[in-house]
Amino acid sequence: MKIIKIIINALTVMCGVLVCGMLLLICADVLLRYAFKAPINGAIELEQMLNVTLMLALGTTVLAGNHIKVDVVADLLPKKAQKVLTIITHIISIAVFALIAWQAFESCSYMIRRNIRYSSLRFPTWPFYALIGLGFAGGVIALIHEIILLTKSKNDEGIPVDEVTMVLRNEADYETE
């Protein structure tokens, strides 16, 4: 299970580095645009491309329990039913995430073969589709990890979340005394 966390953490670090780069680009573009009337050519297009880097943190979002859940009805169910429902929704999410990842990698492959590039910068489009695919693949890995831990947990409570830190949970969190 440590390899899963290593992969998810690597994707999250990559996301953080790319988002920091995007923020620096935006700041530099604004500063140059308004202070010197010399904006960075293609900066807006590059900023739009870099928005997909947020998908790289999808696995971390899943492992930290920070994804969106609508649990109005689920809270009314017994704990064991909630656990089963969580596993079912994770399986559905895996199917959807896997489909998105597959399509992103298919699009990436197509764009490499056709040498498709962005208009103003002439930068290839495929790396950004690959980032989307990697992010959703990380989400699939994290969901599989969650299902494994849910099925191994000895209680019917599901997976506890430390609300103070909301850091990536470890396997010890799934055990009860």
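Residues numbered from 1 in each chain as written. Predicted model: local features only at pLDDT ≥ 70, side-chain atom pairs only at ≥ 80, totals over all residues. Heavy atoms only, no water.

**Student:** How do you make sense of unusual backbone geometry when you look at a structure like this?
**Tutor:** Trans is the prevailing form of peptide bonds, just as negative phi is the prevailing case for residues other than glycine. The phi angle at Lys-37 is positive, at roughly 55 degrees, despite the residue not being glycine. Here Lys-37 shows up in the loop between α1 (2-36) and α2 (43-50). A relative accessible area of 69% places Lys-37 in the exposed class. At Arg-122, a residue that is not glycine, the phi angle is positive and equals roughly 60 degrees. Along the chain, Arg-122 falls in the loop between α4 (79-114) and α5 (126-152). (Helix = DSSP H or I, 4+ residues; strand = E, 2+ residues; numbered from the N terminus. Buried < 20%, exposed > 50% of the residue type's maximum accessible area, 1.4 Å probe, protein only.)

**Student:** I'm lost on the nonpolar core in this one. Help?
**Tutor:** One recurring pattern in soluble globular proteins is that nonpolar side chains are buried together. One finds Ile-8, Val-62, Ile-94, Phe-97, Phe-136, Ala-142 and Leu-143 to be the most contacted residues of the largest nonpolar core, which totals 15 residues. For this core, the secondary structure elements donating two or more residues are α1, α3 (58-64), α4 and α5. In terms of nonpolar packing, the next biggest core, distinct from the first, is built from 12 residues, Leu-11, Cys-15, Met-22 and Tyr-118 among them. (Core = buried A, V, L, I, M, F, W, Y, C linked by side-chain atoms within 4.5 Å.)

**Student:** Which parts of the structure should I look at to understand the confidence of the model for the protein chain?
**Tutor:** Low pLDDT means the predicted coordinates in that region are not meant to be read closely. The predicted model of the protein chain averages 85 in pLDDT, with 87% of residues at 70 or higher. Per-element confidence in the protein chain ranges from a low mean pLDDT of 87 for α2 to a high of 95 for α4. Ignoring residues within four places in sequence, the model shows residues 160-167, a span with pLDDT below 50, making nine contacts including any to other chains. (pLDDT = per-residue confidence, 0-100. Contact = heavy atoms within 4.5 Å.)

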